Amino acid sequence: MRLLFAVRSFVLVAVLVLAMGAGRAHAQMEMPPRSLGEVVTQAEAQETPILLEIYAPWCPYCQKMQETVYADSTVRATLDRQFTYARLNRDTTAGAHQFDGRTLSSKELGRALGAGGCPPRSS
């Protein structure tokens, strides 16, 4: 339960950082091949919170975040210093993540963390 609360808190941090915007991209880490367990282990070793970006490859807003916000050297330095950063493709059924006593695909993990969908494209 503690891990569930911690991960949901970190996802909230990710949403807040994404909403604030800021600059240009961190090296794109993906899950898989990294599992949630590996990300948690790294975060514990570095004593940093997890910034988990849940994205869809087709999402224009997600792409814009990579091209502008996460590409900024100031943002990248802040992420490297203050977070363990990972990206989760919410559309893939690949991956095997241990979460809340279950083994979930990346898509299932995204849903379990509350990622219902990407914003619709504005007209």
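Here the structure is shown first, and the text comes after it.
Let me begin by describing the structure that accompanies this report.

Analysis parameters
- Residues numbered from 1 in each chain as written.
- Predicted model: local features only at pLDDT ≥ 70, side-chain atom pairs only at ≥ 80, totals over all residues.
- Heavy atoms only, no water.
- Helix = DSSP H or I, 4+ residues; strand = E, 2+ residues; numbered from the N terminus.
- Buried < 20%, exposed > 50% of the residue type's maximum accessible area, 1.4 Å probe, protein only.
- Contact = heavy atoms within 4.5 Å.
- Areas by Shrake-Rupley, 256 points an atom, 1.4 Å probe, with all protein chains shown as cover.
- Pairing = 2+ DSSP bridges.
- Core = buried A, V, L, I, M, F, W, Y, C linked by side-chain atoms within 4.5 Å.

When helices and strands are tallied, the protein shows five helices and five strands. Counting from the amino terminus, the protein carries its helices and strands in the arrangement α-β-α-β-α-α-β-β-β-α. Considering the protein as a whole, with its 123 residues, one finds that 41% of them fall into the buried category. Put simply, of all contacts in the protein between residues at least 6 apart along the chain, 73% involve residues at least 24 apart. In the structure as shown, the protein presents an accessible area of about 6,900 Å², 56% of it carried by carbon and sulfur atoms.

In terms of residue burial, strand S2 (residues 50–55) counts as a mostly covered element, since six of its six residues are buried. Residues Ile-50, Leu-52 and Ile-54 line one face of S2 and the alternating positions Leu-51, Glu-53 and Tyr-55 line the opposite face, and both faces are buried. With six bridges connecting them, S2 and strand S3 (residues 84–89) associate as parallel partners. Bridge pairing links Ile-50 to Thr-84 in S3.

We now examine the nonpolar core. Among the nonpolar cores identified, the biggest contains 15 residues, and Ile-50, Leu-52, Ile-54, Phe-99, Leu-109 and Leu-113 are the most heavily contacted of them. For this core, the elements supplying multiple residues, two or more each, are helix H2 (36–46), S2, S3 and helix H5 (106–112). The biggest single contributor to this core is H2, with four residues. In this structure, Val-69, Tyr-70, Val-75 and Tyr-85 belong to the second largest nonpolar core, which totals eight residues.

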